[in-house]
Amino acid sequence: MAEILRGFIRTKPIIGLLHLKGRGPEEVLQHAIHEFSIYEKEGVDGVLVENYYGNYYDMERVLEYLRREKPGAILGVNCLNHDAMGFDLAKRFHAQFLQLDSVVGHVKPRDEYTLEAFLEKSRRDYKGVVLGGVRFKYQPMLSERSEEEDLRIAMNRCDAIVVTQEATGQETSIEKIRRFRDVIGDFPLFIGAGITKENCEKQMKIGDGAIIGSYFKDSYKDTGDVCTAHVREMVQEFQRIRGERSD
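Here the structure is a predicted model, which is why all the values come from computation and not from measurement.

Caption draft 1: Spotlight on the nonpolar core. Of all hydrophobic cores here, the largest spans 63 residues; its most connected members are L18 and I161. Take this core: its biggest share by element is seven residues, from helix α1 (residues 25–42). Apart from the residues lying within four places of it in its own chain, the contact partners of L18 are A32, E35, F36, Y39, V47, L48, V49, E50, V62 and L66. Judged by nonpolar contacts, the second largest core, of twelve residues, contains L17, I74, V129 and V162.

If you want it as structure tokens, here you go:
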């Protein structure tokens with residue numbers, strides 16, 4: 001566990017998403033800077049830069065700015081649908097962690113060996129932490145193996161497993177989280193979608209960290225903007241769960 005949490009100040013870290021919302025490159029950049037400033041001020045442990053609305057070049061601009069202006073920030077990368085470019089960005093901008101939405105079961109069985117080789121090489125060339133999804137939202141499920149078998153394979157392909165339900169913002173069922181934990185033991189497990197103030201204590205009794213997007217928005221939906229009050233209340237709830245004193 002110490003290995004996956006290296007760089008994070010606290011146990012059970014909160015990772016906030018930057019979805020790169022905006023009309024045009026400059027608006028995307030300024031919006032990301034503003035949302036990052038909220039995460040930084042309110043004590044979110046790490047920030048994940050993702051091309052959810054923006055594109056690859058937006059990711060480059062935002063990462064370049066943050067690395068230059070916020071050199072001590074804990075940054076992650078998720079380049080949706082193009083894992084090779086995610087590794088490239090993570091290496092170039094010295095991101096401490098990288099998310100891959102799936103590390104097993106989303107390709108045809110014949111291509112699993114190619115995926116295995118790609119991940120082995122890419123992880124060897126990247127010194128940060130890889131968070132890998134299994135049975136992840138929006139990912140195809142082409143595996144001919146059981147969930148348990150794929151989870152055991154995933155433990156050799158990433159440094160922490162990420163679990164979600166079927167969609168962005170949808171609560172990840174406690175039953176699914178427990179199933180994953182029962183298979184992987186004390187291997188790190190992050191909850192990747194649907195965390196709320198109401199369910200986080202129950203989920204963090206099983207999980208080792210949270211990746212939060214929708215709940216931090218003013219509308220509690222992915223289409224909204226990061227809201228200071230929502231970030232603050234979640235950080236305070238995590239402080240309570242960790243047994244920390246809030247300032």
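Next comes the rest of the write-up.
Caption draft 2: Main features of helix α8 (residues 228–242). Here α8 is 15 residues long and its end C-alpha atoms lie 21 Å apart, about the 21 Å a rise of 1.5 Å per residue gives. Considered for burial, the residues of α8 that qualify are H230, V231, M234, V235, E237, F238, Q239 and R242. In this structure, the buried residues of α8 make contact with β1 (14–18), α1, α7 (200–204) and β8 (209–212). Taken from the residues just after α8, G243 is the one with a positive phi, measuring 80°.

Caption draft 3: The arrangement of unusual backbone geometry in detail. For N81, which is not glycine, the phi torsion reads 70° and is therefore positive. Within the secondary structure, N81 is located in the loop between β3 (75–78) and α3 (83–92). A positive phi is found at H94, a non-glycine position, where the angle reads about 55°.

What counts, and where the lines are drawn
Residues numbered from 1 in each chain as written. Predicted model: local features only at pLDDT ≥ 70, side-chain atom pairs only at ≥ 80, totals over all residues. Heavy atoms only, no water. Core = buried A, V, L, I, M, F, W, Y, C linked by side-chain atoms within 4.5 Å. Buried < 20%, exposed > 50% of the residue type's maximum accessible area, 1.4 Å probe, protein only. Helix = DSSP H or I, 4+ residues; strand = E, 2+ residues; numbered from the N terminus. Contact = heavy atoms within 4.5 Å. Expected span 1.5 Å × (residues − 1).

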